[in-house]
Amino acid sequence: MPKHYTLSEIAQHVGGQVEGDEHLQIAGLSTLESAQSGNLSFLANPRYAKYLKSTNATAVLVAETLEPPKADIAYIRVPNPYLAYAKASALFDWRDDVTPHVATSAVIHCEASVAPTAFIADGAVIGTGSSIGEGVYVGPNVTIGRYCHVGSGTRLEAGVVLYDHVNVGERCLIHSNAVLGADGFGFAPSANGWEKIHQLGGVRIGHGVEIGANTTIDRGALSDTVVEDGAIIDNLVQIAHNVVIGEKTAIAGCTGIAGSTKIGARSTLAGGVGVAGHLVLAEKTHVTAMSLVSRSVTEPGQVVSSGTGQEGHTSWKRNVVRFKQLDSMAKRIALLEQKVENISS
Amino acid sequence: MPKHYTLSEIAQHVGGQVEGDEHLQIAGLSTLESAQSGNLSFLANPRYAKYLKSTNATAVLVAETLEPPKADIAYIRVPNPYLAYAKASALFDWRDDVTPHVATSAVIHCEASVAPTAFIADGAVIGTGSSIGEGVYVGPNVTIGRYCHVGSGTRLEAGVVLYDHVNVGERCLIHSNAVLGADGFGFAPSANGWEKIHQLGGVRIGHGVEIGANTTIDRGALSDTVVEDGAIIDNLVQIAHNVVIGEKTAIAGCTGIAGSTKIGARSTLAGGVGVAGHLVLAEKTHVTAMSLVSRSVTEPGQVVSSGTGQEGHTSWKRNVVRFKQLDSMAKRIALLEQKVENISS
Amino acid sequence: MPKHYTLSEIAQHVGGQVEGDEHLQIAGLSTLESAQSGNLSFLANPRYAKYLKSTNATAVLVAETLEPPKADIAYIRVPNPYLAYAKASALFDWRDDVTPHVATSAVIHCEASVAPTAFIADGAVIGTGSSIGEGVYVGPNVTIGRYCHVGSGTRLEAGVVLYDHVNVGERCLIHSNAVLGADGFGFAPSANGWEKIHQLGGVRIGHGVEIGANTTIDRGALSDTVVEDGAIIDNLVQIAHNVVIGEKTAIAGCTGIAGSTKIGARSTLAGGVGVAGHLVLAEKTHVTAMSLVSRSVTEPGQVVSSGTGQEGHTSWKRNVVRFKQLDSMAKRIALLEQKVENISS
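Just so you know, these numbers come straight off a predicted model, no measurement behind them. (Residues numbered from 1 in each chain as written. Chains lettered and ligands numbered in written order. Predicted model: local features only at pLDDT ≥ 70, side-chain atom pairs only at ≥ 80, totals over all residues. Heavy atoms only, no water.)

A. Fine view of the interface of chain A and chain B. Each partner contributes to the interface: chain A provides 70 residues, whereas chain B provides 78 residues. On the chain A side of the contact with chain B, W94, Q310 and F323 of chain A bury the most area, a combined 14% of that side's loss. Inspection of the chain A/chain B interface yields six salt bridges. A salt bridge links R318 of chain B to D327 of chain A; its shortest N-O distance comes to 3.5 Å. Where chain A meets chain B, there are 35 residue pairs in polar contact (both at pLDDT 80 or more). Elements with a contribution of two residues or more to the side of chain A that touches chain B: α2 (81-91), β28 (232-233), β31 (250-251), β40 (311-312), α3 (313-323) and α4 (326-344) of chain A. For the side of chain A that touches chain B, the leading source of residues is α4 of chain A, giving twelve residues. Taken together, the residues of the side of chain A that touches chain B sort by class into 34 nonpolar, 22 polar and 14 charged. Across two bridges, the pairing between β40 of chain A and strand β39 (residues 303-305) of chain B is antiparallel. Counterpart to E311 of chain A in the pairing with β39 of chain B is S305 of chain B. (Contact = heavy atoms within 4.5 Å. Buried area = accessible area lost by both parts, 1.4 Å probe. Salt bridge = Lys/Arg side-chain N within 4 Å of Asp/Glu carboxyl O. Polar contact = N/O pair within 3.5 Å; in protein donor to acceptor, adjacent residues only side chain to side chain. Helix = DSSP H or I, 4+ residues; strand = E, 2+ residues; numbered from the N terminus. Nonpolar A, V, L, I, M, F, W, Y, C, P; charged D, E, K, R; others polar. Pairing = 2+ DSSP bridges.)

Given below as structure tokens:
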């Protein structure tokens, strides 16, 4: 359903001051470039200030300090326009508020407990001993195992699977087909092949966590795998058994973290990163895209990288050949230095 | 159900000329090496011409120019045997033609519209305002949100999830557990942690697109994420918000593309590639396996790469140590050049 | 349900000798450090021997040769404590034994056959011509296509999808939302774009195989994709059409293997590895994390690697610049060697 707000309602929601007609109706958000009448836009990056002159937006979120260049549109002045845009976006979300509902095709075990304000969609299955909090949204074809807890205000989008003994905090958003609590990849080698180590721990997700589509978070071997409050995890991320993801850490898509590694709070892992097992990364560690982290990072705030960077294929092929000669090149340089030293002396 | 065709039926389907008995019955496709009687095979790569002598195939798709070395089998002569094999393969697909059907356990919202010729399997859920075109196949346990459109002739295999406001074109094939329309990974940093940027755009998939199993295509932040006509995308690919995948571009498995990047038409991304956000890749860009693309590619037809290439572990470890000395090695070479120059002059 | 065993029951299960009171009750497993009364722990790595003195465990699995340093706890002496821990873990698994059950909301085609001892959960869909063996567990919202076979004792966790003609052996464990039998990524280029090569083969999974959550194993183009007995595959792994994974091979998360490649038996692929198509890797090949394998490995037991290793971002950036000068650096070294040679002679 399309949603409408007056400028003053939005200003109040984002904590800003209206400059212009506060009764103007806003029906959506847009960039400055593509805005139409009725849209609210925002100027977060000075690079885009040039679009202020030509935008068709009805109003724009701007910094308190900005000299407004155009008189015929309205402004909401805020301390941080990008943050204000984020807050405003919540007003226009396409999701409806959760209303109490249990679909007839949902299957809820008689010993599960579902809060009266929860929404349980068609095809959802909830196992014995599980409890679903107030205002929780359980999407279509979601499977919740036994002895799980889903905290109030959390959303499990269609197709999410929680195995048994998975605990999700409040106000989380778990995207479709994410799997929480599958077995960690633990096996002991034996003469007959791999002997499975049954994974007896669970998964604990804190409050306000977002987990992307098709992401997997394995249950712990003996104790739990943990994602702390406010962490955000993108799509297709693999989090192995007994990993601990610190508070407010952000992990981009296609990243994999091996078993028992601890990622410090407020860290950022870019896309396609790999982190080896049994490491500890200090707080605010930043890992650049597609890097492999194979050693612990003990100082907070470090930036770590690996890889060779993008290159045209032809020159890259030549350099890759030389990479394999690097050790001999280094030795030849040392020998040259010795010879030149001898000649000079 | 096993399917049978005469050689002339197949020749007509692939646009070729029969050389031999056109009434021969063909019951399946096979390689030259493993063919049995009743099989049609193909010779696309001259390397395999030696197998023509010994194959048990009943007939072989060959180039118009090939000198056939074996008299007792039949041929279909075609301009392009590999393409003809692709066309012939469609005749033997294990999927049945879609027949009108709505399973009793499917749940279709009363304000959704389903074409009378569509097939809706068990456990499928279709939300309000969505429309399902003629001859569409909606597999078991598929979830289609609200206000989606699925174009005629498209197949959504078991477990696919379309969030609200996802638009899929005609004749697409979307494989199991793929997720279209989950939230893009957008958050504004604040003093209290990450403030979610609600993702208000949708997803638009063109006609004739194939999307692999467990692939994720996020909805846009303000405008839509777009996959253009004829693009093919493999399994476990992550396509972030507001990405545009050009027409007929091919993306192999485990690749990730970060937000707002535009991949030009007819490009190919090999497996495990990563593309950073906000880039533009020109048409016909080719990226080799597991490369990281961190800058735009402005010229069409470029091949880009990164990485060091495969190596034995022992020598690799030595060279990796030297990689970290590369800058100092370069400076030592420059110094040596200076010294040798001084000695020589 | 909590499970309890006497020490002698556990000793018998793991093949060890009790040293102490064999009637002691064990209610769970734990590490030495975090053990509580009633827990069984294990000492596999001599590094942790120091914790034997302080552990609160009731009993510990130790090597036959270990000199026990603490008299007031019990021991089970075994040839291999880590393997014994693995075996003991099976006793405490949170999964119940499979009991015969067909949920009322499951949909089983009238021409499918389900063994009387199988468990079919809510929302499961089983297609025509498929057969489900004795003691099989089919989890909630699992989709099994047509003409599949699932061997006895196998578990398909919630949301797993088997396409048509997929054959899974006995005693396998396939984790949630894994997809077996989606189309291999096969297309022939044509003037009009990509012509789909319909994938006419199937998937064959051996006995005792474990497959991780959201992993994808594509069906073969003409013949089958094969995973041999005792192989273990982690989460988010992509196995392309016509790959063969050898017996007891282990593949860690986020790895991708391109079409028609054969991975030898008892190999190990670490996380995030990529293997190009049409390669053959000999038995016991070991690939280190995030390496790209682009050539076959003909000798068994080789270790292969690629990449540059982790580095601080600032020095890494300098070295990456030099990587692109590597070929010219090598030539400058050769020239220097020539000049020094000339000077010296």
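Here the narrative resumes, following the displayed structure.
B. Broad picture of the relation of the copies chain A and chain B. Note on the copies: chain A fits chain B at an RMSD of 0.1 Å, the axial shift is 0.0 Å, and the rotation between them is 120°. A rotation of that kind, with that shift, is consistent with a three-fold axis. Identified as the residue of chain A closest to the rotation axis by C-alpha distance is G307 of chain A, at 3.4 Å. (Least-squares fit on C-alpha atoms with pLDDT ≥ 70 in both.)

C. Representation of the sheet that holds strand β2 (residues 17-19) of chain C. Residues and elements named next belong to chain C. Overall, mixed pairing links the five strands, which are arranged β2-β7-β6-β5-β4 in an open sheet. Looking at which strands have only one partner, the edges of the open sheet turn out to be β2 and β4 (28-29). The pairing of β2 with strand β7 (residues 74-78) spans three bridges and is antiparallel. When the sheet's bridge partners are listed, E19 is paired in β7 with Y75. Those strands touched by helix α1 (residues 7-14) are β2, β5 (39-42), β6 (59-63) and β7, and its axis lies near 10° from that of β7. On top of the sheet, helix α2 (residues 81-91) reaches β4, β5, β6 and β7; it is set at about 140° to β6, its chief contact. (Axes fitted to C-alpha atoms, helices over the stretch in contact; angles between N-to-C directions.)

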